[in-house]
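Chain by chain, the residues:
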Amino acid sequence: MNIIPLLAVEDDEPTPADLAGIEREWPLLAAELELLDAEISFINAGRNASELDRRRIRRAEHRVLEAARDLADREPESEDVA
């Protein structure tokens, strides 16, 4: 017995609009992946984490904020919530 009802999907390929959305958001996704990598490295360094490791995280956080700002600036005005 399946407790989660799954709807049949006729076409599970991404549409051109889906692909365009991924392409538009890719800089943010890449920045978030870079931040995650920096955080994992910092955690794995443990007591051996240096100031350079901390700076790497801060730079990656800054890139995420820049990418999010750029994405928000490029969003079409028709998607604004009233």
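Shown above is the structure to which this text applies.
If you're wondering where the values come from, they're calculated on a predicted model, not measured in any experiment.

Q: Can you walk me through the overall build of the chain in this structure?
A: Check the secondary structure of the chain and you find 2 helices and 0 strands. Considering the chain as a whole, with its 82 residues, one finds that 13% of them fall into the buried category. Excluding contacts between residues fewer than 6 apart, the proportion of contacts in the chain whose partners are at least 24 apart in sequence is 60%. As displayed, the chain has an accessible area near 7,200 Å², and 56% of this comes from carbon and sulfur atoms.

Q: Is there a simple way to explain the nonpolar core in this structure?
A: Side chains that are nonpolar tend, in soluble globular proteins, to be buried together. The biggest cluster of nonpolar side chains holds 9 residues, and these are Leu28, Ala31, Leu35, Ala38, Ile57, Ala60, Val64, Ala67 and Leu71. Looking at this core, the elements with two or more residues in it are α1 (16–45) and α2 (51–74). For this core, the element with the highest residue contribution is α2, accounting for 5 residues. Beyond its immediate stretch of four places on either side in the chain, Leu35 contacts Ile57, Ala60, Glu61 and Val64.

Q: What should I look at first to understand α1 in this one?
A: An α-helical turn contains 3.6 residues, so a residue and the one three or four places further along point in the same direction. Helix length check: α1 (30 residues) gives 42 Å between terminal C-alpha atoms against 44 Å at 1.5 Å per residue, within 8%. At Trp26, α1 is bent by approximately 50°, the largest bend along its length, and proline Pro27 sits one to four residues beyond. Among the residues of α1, those classed as buried are Gly21, Leu28, Ala31, Leu35 and Ala38. Looking at the buried side of α1, the elements it contacts are α2. Within two residues after α1, Gly46 carries a phi angle of roughly 60°, on the positive side.

Scoring rules and cut-offs
- Residues numbered from 1 in each chain as written.
- Predicted model: local features only at pLDDT ≥ 70, side-chain atom pairs only at ≥ 80, totals over all residues.
- Heavy atoms only, no water.
- Helix = DSSP H or I, 4+ residues; strand = E, 2+ residues; numbered from the N terminus.
- Buried < 20%, exposed > 50% of the residue type's maximum accessible area, 1.4 Å probe, protein only.
- Contact = heavy atoms within 4.5 Å.
- Areas by Shrake-Rupley, 256 points an atom, 1.4 Å probe, with all protein chains shown as cover.
- Core = buried A, V, L, I, M, F, W, Y, C linked by side-chain atoms within 4.5 Å.
- Expected span 1.5 Å × (residues − 1).
- Bend = angle between axes of the 7 residues up to and from the residue.

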